[in-house]
Amino acid sequence: MAILLTLLLIFASPAARAEEFVWPAPSDAIERKFEKAALTSDNAACSKIGGEILRKGGNSIDASIASMFCLGVVNPQSSGIGGGFLMTYFDEKSGNCYSIDARETAPASAHRDMFLNDSDGSKYGFKAAGTPGEIAGYWHVFKKFGSGKVSWKELVQPAVKLARDGHPVSPYLATVMKVKERHFRLFPSVKHWINPETNATYASGDLLKRPKLAKTLERLGNSPNPVQLFYNGEMAKTMAKEFQEGGGLITEKDLADYKVREYVNSNSNDHFRGTLTMCGGPPPSSFGVTQLIVSVMSKLFPEGHHDDIYNDPKVLHKYIEAMKFAYAQRTLLGDHDFVKGALELSKNLTTPEYTQWVIDRMAEKAQPSKNYGGIAQYVKPDHGTSHVSAMDQYGNGVSVTTTINRWFGAAVESTEYGILWNDEMDDFSTPGMENGFGFAPSETNFIEPGKRPMSSMSPMVIFDHVTKKVRMVIGGSGGSKIISALAKSIVRSLIFHDSIKKAIDAPMIHNQFTPDITQLDDEFPENMKKILETEYLQKFRNTTGFEGIIQGVNVLEDGIYACGDYRRKTEQEPAGF
């Protein structure tokens, strides 16, 4: 009787529609299978460097640092030592999950109205830069969590070589450089990004060298204490002088006062699926938002469900609704040292009660915005980033997202050291400056001295809390769509059993609550979209770009699978052994 009832339910499901939905063919992204260790990043050259560190006996921390140094050279539009990062590290031996916050901070002389009626001021020029955390963060994790089997210099040297000898410009970098050409010609410190031989930006395949940066990286690699050199020594004095001359705010004291923040087992969801735990960091990370989408979908579609995310519009309706509820809560988050209740809220988002609270408020059709919680304010969108996901032979996992924010950051760099500076001040909100949809800015994200701006970065490690084994290492780059792209990839792989490649390949579905309009990739099936519009009252428009670019490592019984995202138009290939 029970079997008959189950069959009736399956065939009665909306998934049994006669209508056929045509999803896009697999992309040309490369998925690789490994036995012991794997690393994937936004550029094949950097994945290769990380893979070599793993083969030398280095752990996922060592390999990630080497890959990030590399990304700062070959992906200069998105990351580098003039920026900052968020990292999640799972230590298999202790079973602890560490969150490392090396995000940039507002300088001491910054104030909440400093960009009022000056939106360009937060985007371009020395005033747009926050105090960088990249080098402080690298050194912190290397000293505390590194394997001890690979030297600091060995992690920096491959990036030195790339900067000195040059690397081929990727199609993606060539496109971005063309977009930024006006700024390269406008600001003297970045005029060298114009190719002197052609008087145009570098084209795809051109060899790009950065001799000043190579010299700087070599000094840092040879230093017995790079943090002392960068934040307190001669370099700090020179950089502070350049900021002062360029109209920026960062001083020697801002650099000397910078501190990396570390948390142990601070934010996690250990109830979402069997014995699996999702772990990440507190605000300014958006981990709490991302995991909530996954947790809701997992509760709605438990093990043994027969629903089909590719052929059942109702499943996709639920996914869009889960996004709205989760992103709505993001409007209340901010740097927890400055925003009362932010830490408590981010932890509350990970509880089973909160997951159920969302499910209880879901409806069969899209609802008015006021029904989703949160407030009618928007968090300033963040932009370009780079990501590394790694798992080592010792069972440890690292997910790390690094950024200088918008393409080429503030479009200025150190004339002495060749360091491109971030424009992280643009990630803060400014009073009275509405976005294009008329939403007021988020008060929890206003500028304050020493504060870190809210971020979409959500580096995550998923592990089995009984066996202490890593199940997945995953994260993304690309601004506000990191959250939706990351949730999509986890939901499709862990809940609907797609391969990691198929899950990452799947068309983008993004709704950030403000505004309540879902963005779709062009490849999303038109007839599925129509059903969601007419039967579920969802609203859509085509995606506006700044896609979430995912890097995933998925551990299955037969091996470790790693894959990057075809949307990043660079050569990508995971490495490992």
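The name given to the protein chain in an unreviewed UniProt entry is Gamma-glutamyltransferase, with the source organism recorded as Caenorhabditis remanei. Of the comments in the UniProt record for the protein chain, the one headed Sequence similarities (unreviewed entry) reads "Belongs to the gamma-glutamyltransferase family."

Broken down by element type, the protein chain carries 18 helices and 23 strands. A compact globule built from 577 residues would reach a C-alpha radius of gyration of about 25 Å, and the protein chain, at 23 Å, matches this within 12%. Along the three orthogonal principal directions, the C-alpha set of the protein chain runs to about 80 × 55 × 45 Å. Burial status across the protein chain gives 63% buried among its 577 residues. As displayed, the protein chain has an accessible area near 21,000 Å², and 54% of this comes from carbon and sulfur atoms. Of note, the protein chain has its 63 positive side-chain charges centred 2 Å away from the centre of its 68 negative side-chain charges.

Our focus in this paragraph is the sheet that holds strand β2 (residues 38-41). Here we have seven strands laid out as an open sheet, ordered β9-β4-β3-β14-β13-β2-β23, and antiparallel in their pairing. Since the sheet does not close on itself, it has two edges, and those belong to β9 (261-264) and β23 (575-576), each with one partner. The pairing of β2 with β23 spans two bridges and is antiparallel. What sits directly across from Ala-38, in β23, is Gly-576. Against the sheet, helix α2 (residues 44-55) contacts β2, β13 (385-391) and β23, and its axis sits at roughly 160 degrees relative to β2.

Moving on to the sheet that holds strand β16 (residues 460-464). Overall, antiparallel pairing links the seven strands, which are arranged β1-β22-β21-β17-β16-β11-β10 in an open sheet. A single partner strand is all that each edge strand has here, and the edge strands are β1 (31-34) and β10 (267-273). Strand-to-strand twist across the sheet, computed as the mean angle between neighbouring axes with direction ignored, equals 20 degrees. Against the sheet, helix α16 (residues 481-495) makes contact with β10, β11 (276-280), β16, β17 (469-477) and β21 (549-556), and its axis sits at roughly 150 degrees relative to β17, the strand it touches most.

Bringing the packing of aromatic side chains into the picture now. Scanning the entire structure with this criterion turns up 25 aromatic pairs. Here the aromatic rings of Phe-184 and Phe-408 are separated by 5.0 Å at their centres, their planes lie at 85 degrees, and the arrangement is edge-to-face. Placement of Phe-184 in helix α7 (residues 181-186) and of Phe-408 in the loop between β14 (397-403) and β15 (440-441) is noted, with a sequence separation of 224 residues between them. Judged by relative accessible area, which is 0%, Phe-408 ranks as buried. Centroid distance Tyr-372 to Phe-513: 6.4 Å. Interplanar angle 70 degrees. Geometry classified as edge-to-face. Taken together, the residues span a long stretch of sequence, with Tyr-372 in the loop between α15 (352-361) and β12 (377-378) and Phe-513 in the loop between β18 (509-510) and β19 (518-520) at a distance of 141 residues. Judged by its relative accessible area of 0%, Tyr-372 falls in the buried class. Lying across the ring of Trp-23, Arg-492 places its NZ or CZ 5.6 Å from the centre.

Between Pro-283 and the following residue, Pro-284, the backbone shows a cis peptide bond with an omega angle of 20 degrees. Locating Pro-284 in the fold gives a position in the loop between β11 and α12 (287-300). Non-glycine residue Asn-405 carries a positive phi angle of around 80 degrees. Looking at the secondary structure, you find Asn-405 in the loop between β14 and β15. By relative accessible area, which is 1% here, Asn-405 ends up buried. At Phe-513, a position not held by glycine, the phi torsion is positive, near 75 degrees. Classification of Phe-513 by relative accessible area gives buried; the value is 5%.

In this section: the side chain of His-317. Tracing the backbone shows His-317 in helix α13 (residues 313-330). Overall, the relative accessible area of 0% leaves His-317 in the buried class. Polar side-chain contacts of His-317 include one of 3.3 Å to the backbone oxygen of Glu-364.

Close approach of charged atoms allows side chains of opposite charge to pair. By the definition in use, this model includes 36 salt bridges. Across the salt bridge formed by Arg-261 and Asp-335, the nearest N and O atoms sit 3.1 Å from each other. You can see Arg-261 sitting in strand β9 and its partner Asp-335 sitting in the loop between α13 and α14 (342-348), a full 74 residues away along the chain. Exposure class is identical for Arg-261 and Asp-335. Each is buried. One salt bridge in this structure joins Asp-498 and Lys-502, with 4.0 Å as the shortest N-O distance. Of the residues examined, Asp-498 reaches a relative accessible area of 10% and is grouped as buried. In this structure Lys-502 comes out as partly exposed when scored by relative accessible area, which is 43%. Put simply, Asp-101, Arg-261, Asp-335, Asp-337 and Arg-452 are held in one network by salt bridges that share partners.

All right, on to the UniProt feature "active site" (unreviewed entry) in the protein chain then. When the UniProt feature table is mapped onto this chain numbering, "active site" (unreviewed entry) sits at Thr-385. Take Thr-385: it is sitting in strand β13. The exposure class of Thr-385 is buried, given its relative accessible area of 2%. Apart from residues no more than four positions distant in its own chain, Thr-385 is found in contact with Asp-42, Ser-78, Thr-401, Thr-402, Thr-403, Met-457, Gly-476, Ser-477, Gly-478, Gly-479, Ile-482 and Arg-568. Polar side-chain contacts of Thr-385 include one of 2.7 Å to the backbone nitrogen of Gly-478.

How each quantity is defined
Residues numbered from 1 in each chain as written. Predicted model: local features only at pLDDT ≥ 70, side-chain atom pairs only at ≥ 80, totals over all residues. Heavy atoms only, no water. UniProt positions renumbered as here; feature names shortened; annotations may be inferred. Helix = DSSP H or I, 4+ residues; strand = E, 2+ residues; numbered from the N terminus. Rg over C-alpha atoms; globule rule 2.2 N^0.38 Å. Buried < 20%, exposed > 50% of the residue type's maximum accessible area, 1.4 Å probe, protein only. Areas by Shrake-Rupley, 256 points an atom, 1.4 Å probe, with all protein chains shown as cover. Lys, Arg positive; Asp, Glu negative; His and termini not counted. Charge placed at Lys NZ, Arg CZ, Asp CG, Glu CD. Pairing = 2+ DSSP bridges. Contact = heavy atoms within 4.5 Å. Axes fitted to C-alpha atoms, helices over the stretch in contact; angles between N-to-C directions. Phe/Tyr/Trp six-rings, centres within 6.5 Å; stacked < 30°, edge-to-face > 60°. Lys NZ or Arg CZ within 6 Å of the ring centre and 35° of its normal. Polar contact = N/O pair within 3.5 Å; in protein donor to acceptor, adjacent residues only side chain to side chain. Salt bridge = Lys/Arg side-chain N within 4 Å of Asp/Glu carboxyl O.

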